[in-house]
Amino acid sequence: MLDSLAGDTVVWRHRLVAATPRPDQGWDLTFHGGRRTNCDILIGADGARSVVRSLLTDVGTSYVSTVVELNVEDVDRRHPDLAELVGPGNLWCVGVNQILSAQRLGDGGLRVGISLRAEGRPLDTYLDKRALLDMFAGWNPRLTALIEAADGTPTPRLIEAMPSGTRWTNRPGVTLIGDAAHLMPPVGEGANQAMLDAAELADHLAANPADPGTAIRTYEESMFTRIRPIAEMSARVQSMMLSPTASDDIVRFFSRTAEPARTD
Ligand SMILES: Cc1cc2nc3c(=O)[nH]c(=O)nc-3n(C[C@H](O)[C@H](O)[C@H](O)COP(=O)(O)OP(=O)(O)OC[C@H]3O[C@@H](n4cnc5c(N)ncnc54)[C@H](O)[C@@H]3O)c2cc1C
């Protein structure tokens, strides 16, 4: 995709620090280090801590969970038992208020994740593998071996979300896509919705190049309508998965979803 663009279309290593409206139309952009440019239309695709978002809404984010990430490199050669346990996709082990997961990566490694409820403990509590193993005391050693085998220091992160139903009043020449527009608990929707935002916004702009204002308004209205139920579902699934009764609830959730439609 990059090769199909003119060489200077994407400019790497420019962190936006401010965007201010130009007197006629468009935006002046200032980047870290003082570099400046301007644009006619500003599309904020700058993720969870979007700078562009503040031009449209002062909505805040709230802390919904902690995820600690660990990596196991070269798993087939170094830990064939773990490679077999995880298989070609994902492994999820759901406990009481905590989840241990592992995902096969394209580089031959595993990404191991520990998800915990929002507890307010300092993040450096989770930097030590020993402390993580203590949290999984009593778990099957075949599973905790995923933590034992991890290379390097664990990376703990606070996971945040915006309130579901977040919307803003349209402002000419600026909009948001992806996590900048709708940061949700991570239960499998964020990247997918970000790509759909980009495709739909591009479609509207391409279909109506003379009137980008209408294209952006149309995109925003349909994005708000699409995202609201997905954000609500993501919040429900997140609290279900990190609850004391998570494993039973998840079995019930999938059994209910899998029930055949009634014909009577
Ligand atoms: C633990 C976890 C698991 C997840 N699992 C899934 C999943 O299974 N399926 C799924 O669909 N989604 C998942 N997600 C969500 C998904 O990762 C995000 O929704 C998705 O990455 C959002 O894409 P984005 O392009 O909007 O933002 P990002 O991927 O965050 O990209 C934003 C980009 O903007 C750049 N940027 C930030 N600030 C600035 C600035 N000021 N100036 C210039 N550039 C800037 C960043 O460097 C980054 O490159 C998960 C998230 C987490 C945390």
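Residues numbered from 1 in each chain as written. Predicted model: local features only at pLDDT ≥ 70, side-chain atom pairs only at ≥ 80, totals over all residues. Heavy atoms only, no water.

Participant: Looking at this structure, how should I read the pairing of strand 7 (residues 98-104)?
Facilitator: A regular strand places its side chains so that they alternate between the two faces of the sheet. Burial analysis of strand 7 places five of its seven residues in the buried class, which makes it a mostly covered element. Across five bridges, the pairing between strand 6 (residues 90-94) and strand 7 is antiparallel. Bridge pairing in strand 7 links V94 to I99. Joining the antiparallel neighbours strand 6 and strand 7 is a turn of three residues, in which N97 adopts a positive phi near 60°. Two successive antiparallel strands, strand 7 and strand 8 (residues 110-117), enclose a turn made up of five residues, where G108 displays a positive phi of approximately 90°. (Buried < 20%, exposed > 50% of the residue type's maximum accessible area, 1.4 Å probe, protein only. Helix = DSSP H or I, 4+ residues; strand = E, 2+ residues; numbered from the N terminus. Pairing = 2+ DSSP bridges.)

Participant: Can you walk me through the sheet that holds strand 3 (residues 36-39) in this structure?
Facilitator: Through backbone hydrogen bonds, the strands of a sheet pair up, either in parallel or in antiparallel fashion. Spatial ordering of the open sheet is given by 1-2-3, a layout of three strands whose pairing is antiparallel. Single-partner strands in this sheet number two, and they are strand 1 (16-21) and strand 3. Going across the sheet, the axis of each strand differs from the next one's by a mean of 25°, ignoring polarity. Where strand 1 meets strand 2 (residues 27-31), five bridges bridge the pair, whose relative direction is antiparallel. Bridging from a neighbouring strand, T20 pairs with D28 of strand 2. (Axes fitted to C-alpha atoms, helices over the stretch in contact; angles between N-to-C directions.)

Participant: What's the story with a nonpolar patch on the surface in this structure? I'm lost.
Facilitator: A cluster of nonpolar side chains, namely L2, L5, V10 and W12, defines an oily patch on the protein surface of about 410 Å² accessible area. Looking at the element boundaries, V10 is found in the segment before strand 1. For V10, a relative accessible area of 33% translates into the label partly exposed. (Patch = residues over 30% accessible without salt bridge, like charges linked within 9 Å, V, L, I, M, F, W, Y side chains within 5 Å. Areas by Shrake-Rupley, 256 points an atom, 1.4 Å probe, with all protein chains shown as cover. Salt bridge = Lys/Arg side-chain N within 4 Å of Asp/Glu carboxyl O.)

Participant: Got a minute to help me understand unusual backbone geometry in this structure?
Facilitator: Leave glycine aside and you will find that most residues have negative phi; peptide bonds, for their part, are mostly trans. Unlike most non-glycine residues, D74 shows phi in positive territory, near 50°. With respect to the secondary-structure elements, D74 resides in the loop between strand 5 (62-72) and helix 1 (75-78). Here the phi dihedral of N97 falls at roughly 60°; this positive angle occurs in a residue that is not glycine. Within the secondary structure, N97 is located in the loop between strand 6 and strand 7.

Participant: What's the story with the domain arrangement of the chain in this structure? I'm lost.
Facilitator: Where the parts come together, the accessible area they lose is often given as the size of the interface. Each assigned domain of the chain is listed with its residue range as follows: domain 1 (62-161) and domain 2 (167-264). Between domain 1 and domain 2, the contact holds 15 residues from the first and twelve residues from the second. Connecting domain 1 to domain 2 are zero salt bridges. Our count for the domain 1 to domain 2 interface comes out at three residue pairs in polar contact (both at pLDDT 80 or more). Elements supplying a minimum of two residues to the side of domain 1 that touches domain 2: strand 5, strand 6, strand 7, strand 8 and strand 9 (151-161). Grouping the constituent residues of the side of domain 1 that touches domain 2 by class yields eight nonpolar, five polar and two charged. (Domains from an automatic or database assignment. Contact = heavy atoms within 4.5 Å. Polar contact = N/O pair within 3.5 Å; in protein donor to acceptor, adjacent residues only side chain to side chain. Nonpolar A, V, L, I, M, F, W, Y, C, P; charged D, E, K, R; others polar.)

Participant: Just to check I follow, could you spell out the site of the ligand for this structure?
Facilitator: If you check the shell around the ligand, you find 17 residues, and the closest are L16, D179, G190, A191 and N192. Take L16: an N or O atom from its main chain is 2.8 Å from a nitrogen atom of the ligand. In this structure, G188 approaches the ligand through a main-chain N or O atom, which is 3.4 Å from an oxygen atom. Per element, the largest residue contribution to the shell around the ligand is four residues, and it comes from helix 5 (residues 190-207). Looking at the shell around the ligand, its residues break down into seven nonpolar, six polar and four charged. (Near = heavy atom within 4 Å.)

Participant: Before we go on, may I ask you to explain the pattern of salt bridges in this structure?
Facilitator: The tally for this structure, following the rule as stated, stands at 13 salt bridges. One salt bridge connects R49 with E160, and the closest N-O pair in it is separated by 3.4 Å. One end of the pair, R49, is in the loop between strand 4 (42-44) and strand 5; the other, E160, is in strand 9, with 111 residues separating them in the sequence. For E200, the salt bridge goes to R226, with nearest N and O atoms at 3.5 Å.

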